[in-house]
Amino acid sequence: MNTKEFFAALNLLEKEKGISKDVIKETFEHALVSAYKKNYNQATNFHVEINEDLGTIRMYQQKEVVEEVDNPQEQLSLDEARAKNPRHEVGDMVSFEVTPKDFGRIATQTAKQVVKQRIRQAERDNLLQELRDREGEIVTGLVVKDDGKHVFIDLGKIEGLLPMREVLNPEEIRPNSRMKVYISKIEAKTKGPVVYVSRKDPNLIKRLFELEVPEIYDGTVEIMGVARDAGDRTKICVFAEDENVDPVGACVGPSGSRVQNIVNELNGEKIDIIQYSKDPAVLVANALSPAQVTKVAVNQEARATTVLVPDAQLSLAIGKRGQNARLAAQLTGWKIDIKPESEAAKYGIELDAPVSAPDEDLED
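Residues numbered from 1 in each chain as written. Predicted model: local features only at pLDDT ≥ 70, side-chain atom pairs only at ≥ 80, totals over all residues. Heavy atoms only, no water.

**Student:** Would you explain the overall build of the protein chain in this entry?
**Tutor:** Helix and strand counts for the protein chain stand at eleven helices and 16 strands. Expected size for 364 residues packed as a compact globule is a radius of gyration near 21 Å; at 35 Å, the protein chain overshoots this value by more than 25%. Considered along the principal axes of its C-alpha atoms, the protein chain spans approximately 110 × 50 × 45 Å. Counting only residues that meet the buried cut, the protein chain has 42% of its 364 residues in that class. (Helix = DSSP H or I, 4+ residues; strand = E, 2+ residues; numbered from the N terminus. Rg over C-alpha atoms; globule rule 2.2 N^0.38 Å. Buried < 20%, exposed > 50% of the residue type's maximum accessible area, 1.4 Å probe, protein only.)

If you want it as structure tokens, here you go:
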């Protein structure tokens, strides 16, 4: 067999595709053994020796040295073994070259198959690694089609799968339209990696703000938390270590331009931006925006708060179907019980007390 092209291909693949020569040779050896057994109806104890220095590929069969031969395919008598080498003993394994005349044809066909297979596998592996590095990022893709269960998004090298349950609004799915999606999960499959993307993941909000707000991107402003009812309302809590930086103002942007760009991307989803505070009473009061809060009583041990609001603000504080209070609780990590000012006496809370009253015991 003329092996120059084969060994040249090994070197080229290692250089250009990053595929180890040893990996290809090992795969090639196994494939050759299988091809040999199939073509020559042989059974066991075969192996291939590839010698790149000599440019040779040869097939060998091993047989065990025994006193009496029961299986000529796998055994060799002691006399036959010693005819080759007087030092052989019972139990030794003796190798015989069994390279057939047309072995070059088999080797050539097998080499082509193995090389193609390894190239495809290497490309899949490289793509998978590249995609894994991008997991958790936001990307812009082109809507290709939907099959009722998934929307197929062209991401360049691969299509992303957007499950219908992760779509904000079916009306946003228009063929050939562009949209930003969050890469939520990468799965390795037999035919290649599968990329799952989302429009509802709370992390999409974080990434959108990173794109729109330079102060978040460079770390001047930090996102402390996100609570989201995708497609309807989001609350995001921000903080700046530098007292001279207004974290809420930075996120809102000049004339509200920054947050408006995000709202437009999310098809009108409302976004409340609140300032973080280490004081739980202040934090909870901020989180209930846009409602006005009169007083927050805090029970540190139960990690619970009772919040007083003007009677006219009760519905706004609770929100439609309890949304505002629920998102505020998710954002802060505190239980929130909202009461009207008219019931302050019932709960033993003084209206003229300061907004923050840490560690105050709450009544049932």
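Past the structure itself, the notes keep going.
**Student:** Looking at this structure, how should I read the packing of aromatic side chains?
**Tutor:** What characterises a pair of aromatic rings is the spacing of the ring centres plus the angle enclosed by the ring planes. Inspection of the entire model under this criterion finds one aromatic pair. The side chain of lysine 63 reaches across the aromatic face of phenylalanine 96, ending 5.9 Å from its centre. A cation sits over an aromatic face here: lysine 185 above tyrosine 196, 5.0 Å from the ring centre. (Phe/Tyr/Trp six-rings, centres within 6.5 Å; stacked < 30°, edge-to-face > 60°. Lys NZ or Arg CZ within 6 Å of the ring centre and 35° of its normal.)

**Student:** I would appreciate a short explanation of the packing of helix α9 (residues 280-287) against helix α11 (residues 323-332) in the present structure.
**Tutor:** For any two helices packed against each other, one specifies the inter-axial angle together with the distance between the axes. Contact pair α9 / α11: the axes reach a minimum separation of 9 Å and the direction vectors enclose 140 degrees. Classified by the interaxial angle, the pair formed by α9 and α11 is oblique. Crossing of α9 against α11: the hand is right-handed. Every residue of α11 that contacts α9 at Leu283, Val284 and Ala287 is listed here: Ala328, Leu331 and Thr332. In terms of residue class, the contact of α9 with α11 is made up of five nonpolar, one polar and no charged. (Axes fitted to C-alpha atoms, helices over the stretch in contact; angles between N-to-C directions. Parallel < 35°, antiparallel > 145°, perpendicular 65-115°, else oblique. Left-handed = near helix turned anticlockwise from the far one by under 90°. Contact = heavy atoms within 4.5 Å. Nonpolar A, V, L, I, M, F, W, Y, C, P; charged D, E, K, R; others polar.)

**Student:** Which parts of the structure should I look at to understand the sheet that holds strand β9 (residues 192-198)?
**Tutor:** Strand-to-strand pairing in sheets goes through backbone hydrogen bonds, with the strands running parallel or antiparallel. One closed barrel accounts for five strands, arranged β5-β6-β7-β9-β8; its pairing is mixed. Neighbour-to-neighbour, the strand axes of the sheet open up by a mean angle of 50 degrees, direction not taken into account. In the sheet, strand β7 (residues 159-163) pairs with β9 via two bridges, with the strands oriented parallel. Bridging across to β9, leucine 161 finds its partner in tyrosine 196. Packing of helix α5 (residues 202-212) onto the sheet brings it into contact with β5 (138-146), β8 (178-189) and β9, and relative to β8 it is tilted by some 125 degrees. (Pairing = 2+ DSSP bridges.)

**Student:** Just to check I follow, could you spell out the sheet that holds strand β10 (residues 221-229) for this structure?
**Tutor:** What the three strands build is an open sheet, ordered β10-β11-β12; its pairing is mixed. Two strands lie at the open edges of the sheet, namely β10 and β12 (270-275), each paired on one side alone. Neighbour-to-neighbour, the strand axes of this sheet turn through a mean angle of 20 degrees, independent of strand direction. On top of the sheet, α5 reaches β10, β11 (233-240) and β12; it is set at about 140 degrees to β10, its chief contact.

**Student:** Please explain the pattern of salt bridges as it appears in this structure.
**Tutor:** Note that side chains of opposite charge can pair when their charged atoms are close. The final tally for this structure, using the stated rule, is 15 salt bridges. Close ionic contact of arginine 58 with glutamate 97 constitutes a salt bridge, the shortest N to O distance being 3.4 Å. Remark: glutamate 97 occurs in strand β4 (residues 93-97) and arginine 58 occurs in strand β2 (residues 56-66); sequence separation between them is 39 residues. Classification of glutamate 97 by relative accessible area gives partly exposed; the value is 45%. Arginine 134 is paired through a salt bridge with glutamate 137; the nearest N and O atoms lie 3.2 Å apart. (Salt bridge = Lys/Arg side-chain N within 4 Å of Asp/Glu carboxyl O.)

**Student:** Help me understand α11 in this model?
**Tutor:** The α-helix winds at 3.6 residues per turn, so residues separated by three or four positions along the chain end up facing the same way. For α11, a buried count of seven out of ten residues is recorded, marking the element as mostly surrounded by other parts of the structure. When we look at burial in α11, the residues that qualify are Gln323, Asn324, Ala325, Leu327, Ala328, Leu331 and Thr332. Contact partners of the buried residues in α11: β10, β11, β12, α9, α10 (314-318) and β15 (335-340). Directly beyond the C-terminal end of α11, a positive phi value near 80 degrees is found at glycine 333.

**Student:** Would you mind going over the nonpolar core with me for this structure?
**Tutor:** Where a protein is soluble and globular, its nonpolar side chains tend to be buried together. Residues Phe209, Ile236, Val238, Leu266, Ile271 and Ile273 are the most contacted members of the largest nonpolar core, which totals 24 residues. Of all elements in the fold, only α5, β10, β11, α7 (247-252), α8 (257-265) and β12 reach the threshold of two or more residues within this core. With four residues, α5 is the single largest residue contributor to this core. Here isoleucine 271 is in contact with Phe209, Thr234, Ile236, Val259, Ile262, Val263 and Leu266, once residues within four sequence places are set aside. (Core = buried A, V, L, I, M, F, W, Y, C linked by side-chain atoms within 4.5 Å.)

**Student:** What's the story with the environment of leucine 314 in this structure? I'm lost.
**Tutor:** With respect to the helices, strands and loops of the structure, leucine 314 is situated in helix α10. Separated by 242 residues in the primary sequence, leucine 314 and proline 72 place their C-alpha atoms 93 Å from one another. Once residues lying within four places of it in the same chain are set aside, the contact partners of leucine 314 are Val309, Ile338, Lys339 and Pro340.

**Student:** Explain the pairing of strand β1 (residues 46-51) here, please?
**Tutor:** Working note: regular strand, side chains alternate between the two faces of the sheet. Alternating positions in β1 separate cleanly, Phe46, Val48 and Ile50 being buried on one face and His47, Glu49 and Asn51 remaining unburied on the opposite face. Two elements, β1 and β2, share six bridges in a ladder whose sense is antiparallel. If you follow glutamate 49 over to β2, its bridge partner there is arginine 58. Taking the residues between adjacent antiparallel strands as the criterion, β1 and β2 are bridged by four residues, where glycine 55 takes a positive phi near 70 degrees.

Bear in mind that shape data such as this cannot, by itself, settle questions of function.
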